[in-house]
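Remarks on the overall topology
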Amino acid sequence: AQRVTQPEKLLSVFKGAPVELKCNYSYSGSPELFWYVQYSRQRLQLLLRHISRESIKGFTADLNKGETSFHLKKPFAQEEDSAMYYCALRGSNYKLTFGKGTLLTVNP
Amino acid sequence: SAVISQKPSRDICQRGTSLTIQCQVDSQVTMMFWYRQQPGQSLTLIATANQGSEATYESGFVIDKFPISRPNLTFSTLTVSNMSPEDSSIYLCSVEDRSRTSGTYNEQFFGPGTRLTVL
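1. Here's the deal with the sheet that holds strand E3 (residues 19-21) of chain A
Residues and elements named next belong to chain A.
- Taken in spatial order, the three strands of this open sheet run E3-E8-E7, and their pairing is antiparallel. Looking at strand neighbours, the two that pair on one side only are E3 and strand E7 (60-61), the edges of this open sheet.
- The pairing of E3 with strand E8 (residues 72-74) spans three bridges and is antiparallel. Bridge pairing in E8 links Glu20 to Lys73.

Shown next as structure tokens:
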């Protein structure tokens, strides 16, 4: 069975502060990990995936197989980063399993 | 990359009735999915809609309650049957298509969702 855990429902930081959204997963094989974001009044969209090892909007995420984690990080948060963030896992069956999401609020 | 529209965007329905949600994609896609997002919960996959064959349902979801049609590669419907207040959720259509930013990978794109309230 595949499972994704996001321990924080809410996360509030000040503008310019570092931010880390935690994600842990459970999967017996080699998973693909993703971060999706939903801004206010917009649809869910892909932010980044572990396989491409890219930085999007200043966000990065590293897959740590030893700790089964895929935490999302940004060194300096911006107000426009305020959104709902979902960590997701895809196993060999192409189906996505989502975590419960973390609502990030970046205060001015 | 695919652009997805859903109808209706929201509805308020009476207990015991049924609602059909439409999902239209602007390109032909092989894989189409239906998700449910209950209040305060994450997205849960209901089924994979296969063109030309029956949908594949996840554990806890059955065809009698959530019949799905997939008549072609750009369209699908999900019906929520014999509704109860527990069916109040956002229902999302999703497709897998070429990524907007990467020519190498595919990506799942999501529709805007249908917000259903059952009284």
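That covers the picture; the talk isn't over yet.
2. Some details on the state of the cysteines
All names here are of chain B.
- Counted according to the given criterion, the structure contains two disulfides over all chains.
- For Cys23, the disulfide goes to Cys93, at an S-S distance of 1.9 Å. Measuring handedness by torsion sign, the sulfur bridge of Cys23 and Cys93 sits at about -65° and is left-handed. Remark: Cys93 occurs in strand E9 (residues 89-98) and Cys23 occurs in strand E3 (residues 19-25); sequence separation between them is 70 residues. For the pair shown, Cys23 and Cys93 are each scored as buried.

Thresholds, definitions, all that
- All chains use their own residue numbering, which begins from 1 and follows the written sequence.
- As a convention, the first chain written is A and the first ligand written is 1, with the rest following in written order.
- Local features in this predicted model are restricted to residues whose pLDDT is 70 or higher, and side-chain atom pairs enter the listing and the counts only when it is 80 or higher, whereas totals over whole chains, interfaces and linings include all residues.
- Remark: hydrogens and water are excluded; side-chain values derive from all non-hydrogen atoms of the structure.
- Being paired, for any two strands, means DSSP has found at least two bridges between them.
- Only DSSP runs of H or I covering at least 4 residues are called helices, and only runs of E covering at least 2 are called strands; the numbering of each starts at the N terminus.
- In plain terms, two cysteine sulfur atoms within 2.5 Å form what is called a disulfide here.
- Burial classes: relative accessible area under 20% of the type maximum marks a residue as buried, over 50% as exposed, and values in between as partly exposed (1.4 Å probe, protein chains only).

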